[in-house]
Every structure is written in structure tokens, then in C-alpha cells.
Amino acid sequence: MKHLYKETGEISDKLLQKDIVIWGCGNDGKKLYHTLESSAAKVRAFCDSNQDLIGTYLFHIPVISSESLREYSDCNLALAFFRLKEIMDKIQEEILEKYR
């Protein structure tokens with residue numbers, strides 16, 4: 001997995017070298033879509049674990065299941081979790097606390 005965001009929070013040019021699948025249809029996914037929309041990026045699909053969303057469209061772009069990701073192997077996958085580092089740090093902290 002490549003980290004495709006710069007320290008400043010900006011999107012790396014490496015992410016834009018291929019079409020993109022956004023993982024997440026919630027608020028973060030929508031924010032990421034709008035950020036990418038203002039660049040030269042082409043979002044081909046959204047992916048979500050919510051089965052009720054599979055087969056629907058968000059911004060006229062299909063929502064696919066994780067099982068369908070294989071069909072998009074030529075795309076970059078962008079995780080739509082703007083607070084990912086904060087979440088991962090919290091998980092790590094909880095794990096360390098558990099084993100102290």
C-alpha cells in the first residue's frame with residue numbers, strides 16, 4: 001500500500017497517475033471526491049462495505065463491493081478517511097495500554 005498524501009494533507013501526484021476508486025461513500029468519501037474533482041483525477045468507482053449502497057450511484061459514479069475491486073486493478077485505491085492517522089494512533093495506543 002502506498003501513502004498517496006503529502007505531509008501537508010495534499011494529494012500526491014502519484015495518486016493522479018491512474019484512475020481512482022474511492023473507498024468510502026460517507027462524508028469523507030464525498031469530500032475526497034470533490035477534492036479530486038478539482039484536479040485532473042478521474043474517479044471510476046466508489047467502494048463501500050455497506051451492502052445497501054452496492055449497485056447504486058454517487059455523483060453518477062457506481063458504488064461497488066470490495067469483491068469487485070479486482071475488476072479495477074488498473075486503478076489507484078484512495079481510502080476516504082481524513083482522520084486515518086488519528087484513528088490508527090488511537091488503536092495503537094489502546095493496544096499498547098492493553099498489554100502494559
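First things first, this report covers the structure right here in the doc.

Definitions and limits used
The residue count restarts for each chain, going from 1 along the sequence in the order it is written. The predicted nature of this model means local features are confined to residues of pLDDT at least 70 and side-chain atom pairs, given and counted, to a pLDDT of 80 or more, with totals for whole chains, interfaces and linings taken over all residues. Each side-chain value is worked out from all heavy atoms of the structure, with water and hydrogens disregarded. Pairing between strands requires that DSSP locate at least two bridges from one strand to the other. Under the DSSP-based scheme used, a helix requires at least four consecutive residues in state H or I and a strand at least two consecutive residues in state E, with every element numbered from the N terminus. Residue contacts are defined here by distance: any two heavy atoms, one from each residue, within 4.5 Å place the two residues in contact. Angular values range over 0 to 180 degrees, each being the angle between N-to-C directions of two axes fitted as lines to C-alpha atoms, with helices fitted over their stretch in contact. Put simply, two rings from Phe, Tyr or Trp (the six-membered ring, in Trp's case) pair if the centres are within 6.5 Å, and we call them stacked under 30 degrees between planes, edge-to-face over 60, tilted for the rest. The rule is simple: take the accessible area with a 1.4 Å probe, protein chains only, and divide by the maximum for that residue type; under 20% is buried, over 50% is exposed, in between is partly exposed. For the handedness criterion, the strands are oriented away from the viewer, and a crossover whose path from the first strand over the helix to the second runs clockwise is classed as right-handed. Definition used for salt bridges: Asp or Glu carboxyl oxygen within 4 Å of a side-chain nitrogen of Lys or Arg.

### What to know about the sheet that holds strand β5 (residues 76–79)
(1) Moving on: The strand order β3-β4-β2-β1-β5 describes an open sheet built from 5 strands, whose pairing is mixed. Strand pairing shows two members of the sheet lacking a second neighbour, β3 (57–58) and β5, which therefore form its edges.
(2) Moving on: Where β3 meets strand β4 (residues 61–64), 2 bridges bridge the pair, whose relative direction is antiparallel. Across the sheet, the residue bridging to L58 is I61, located in β4.
(3) Moving on: Most of the contacts of helix α1 (residues 27–37) go to strand β1 (residues 20–23), to which it runs at about 155°, and overall it touches β1, β2 (43–47), β3, β4 and β5.

### Digging into the packing of aromatic side chains
One pair of aromatic rings is described through two measures. These are the centre distance and the angle between the planes.
(1) Moving on: For the coordinates displayed, the defined rule picks out 3 aromatic pairs.
(2) Moving on: Arranged with centres 6.4 Å apart and planes meeting at 40°, the rings of F46 and F59 form a pair that is tilted. Here F59 lies in the loop between β3 and β4 and F46 lies in strand β2, a separation of 13 residues in the sequence.
(3) Moving on: Note on F59: relative accessible area 31%, which makes it partly exposed.
(4) Moving on: An aromatic cluster of at least three residues, connected via ring pairs, comprises Y33, F46 and F59.

### Brief notes about the pairing of β2
(1) Moving on: Burial analysis of β2 places 4 of its 5 residues in the buried class, the great majority of the element.
(2) Moving on: In this structure, β1 lies alongside β2, joined through 4 bridges in parallel fashion. Bridge pairing in β2 places V21 opposite A45.
(3) Moving on: Handedness of the crossover joining β1 and β2 through α1: right-handed.

### Side note on the environment of D28
(1) Moving on: As for its placement among the helices and strands, D28 is situated in helix α1.
(2) Moving on: With a relative accessible area of 24%, D28 lands in the partly exposed category.
(3) Moving on: Linking D28 and A80, residues 52 residues apart in sequence, is a C-alpha distance of 5.2 Å.

### Some details on the pattern of salt bridges
(1) Moving on: Applying the stated criterion to the full structure yields 2 salt bridges.
(2) Moving on: The partner of D19 in a salt bridge is R44, and the shortest N-O contact between them spans 3.8 Å. Here R44 lies in strand β2 and D19 lies in the segment before β1, a separation of 25 residues in the sequence.
(3) Moving on: With a relative accessible area of 24%, D19 lands in the partly exposed category.
(4) Moving on: For the salt bridge of D74 with R44, the shortest nitrogen-to-oxygen distance reads 3.0 Å.

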